[in-house]
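Below, each chain spelled out in residue letters.
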Amino acid sequence: AWLRHAAHANAMAARLADAIVGLPGVDLLQRPQSDGVFAWLPQAAVAALRERGWLFHEMLPPRPGQLGCRLMCAWDTAPEAVDAFAADLRTACTA
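Because the structure is predicted, anything quoted here is derived from the model rather than measured. (Residues numbered from 1 in each chain as written. Predicted model: local features only at pLDDT ≥ 70, side-chain atom pairs only at ≥ 80, totals over all residues. Heavy atoms only, no water.)

**Q** Can you walk me through the overall build of the protein chain in this structure?
**A** From N to C terminus, the protein chain includes three helices and four strands. Going from N to C terminus, the protein chain has its helices and strands arranged as α-β-β-α-β-β-α. Going through the 95 residues of the protein chain one by one, you find that 35% of them count as buried. Expressed as a percentage of contacts within the protein chain between residues at least 6 apart in sequence, the contacts between residues at least 24 apart total 54%. As presented, the protein chain carries roughly 5,500 Å² of accessible surface, and 58% of it is formed by carbon and sulfur atoms. (Helix = DSSP H or I, 4+ residues; strand = E, 2+ residues; numbered from the N terminus. Buried < 20%, exposed > 50% of the residue type's maximum accessible area, 1.4 Å probe, protein only. Contact = heavy atoms within 4.5 Å. Areas by Shrake-Rupley, 256 points an atom, 1.4 Å probe, with all protein chains shown as cover.)

**Q** It is not clear to me how the sheet that holds strand S2 (residues 36-42) should be interpreted in this structure. Could you clarify?
**A** Sheet strands associate in pairs through backbone hydrogen bonding, adopting either a parallel or an antiparallel arrangement. Within the open sheet, the four strands sit side by side as S1-S2-S4-S3. Their pairing is antiparallel. This sheet does not close on itself; its edge strands, each paired only once, are strand S1 (27-28) and strand S3 (57-63). (Pairing = 2+ DSSP bridges.)

**Q** Quick question: what am I supposed to make of the pairing of S3 here?
**A** Where a strand is regular, its side chains alternate between the two sheet faces. Examined bridge by bridge, S3 and strand S4 (residues 66-72) share four bridges and lie antiparallel to one another. Residue pairing across strands places Leu60 opposite Gly68, the latter belonging to S4. As consecutive antiparallel partners, S3 and S4 are separated by two residues, and within that stretch Gly65 has a phi angle of approximately 80°, a positive value.

**Q** Explanation requested: the nonpolar core in the structure shown.
**A** In summary, soluble globular proteins display a tendency toward joint burial of nonpolar side chains. Core analysis: the biggest nonpolar cluster contains 24 residues, and Leu16, Ile20, Leu41, Leu71 and Leu89 have the highest contact counts within it. With six residues, the single largest contributor to this core is helix H3 (residues 79-94). If near-sequence neighbours (up to four positions away) are discounted, Leu16 is found in contact with Val37, Leu71, Val82, Phe85 and Ala86. (Core = buried A, V, L, I, M, F, W, Y, C linked by side-chain atoms within 4.5 Å.)

Keep in mind that these numbers describe shape and distance, not what the molecule does.
Here it is as structure tokens:
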């Protein structure tokens, strides 16, 4: 069961990375190798995501105009949640 759960979490992180790579102002630290995506996101986009209720950690050193964020997926992360987060980030980055 733990291998199945870990594989799902890792797949959701890959799905998230695929959905946000190339968005304006988004820079991935690297392709995910496990259940987390580490990226610099535009400060304004971070504020917009928080206003929509998304929870994530700022843990990378900030850059001018960007905040370093850790976006984690879990065994129970639904693909629809990944897609909704990515859509909200896309909207925030292109507004």
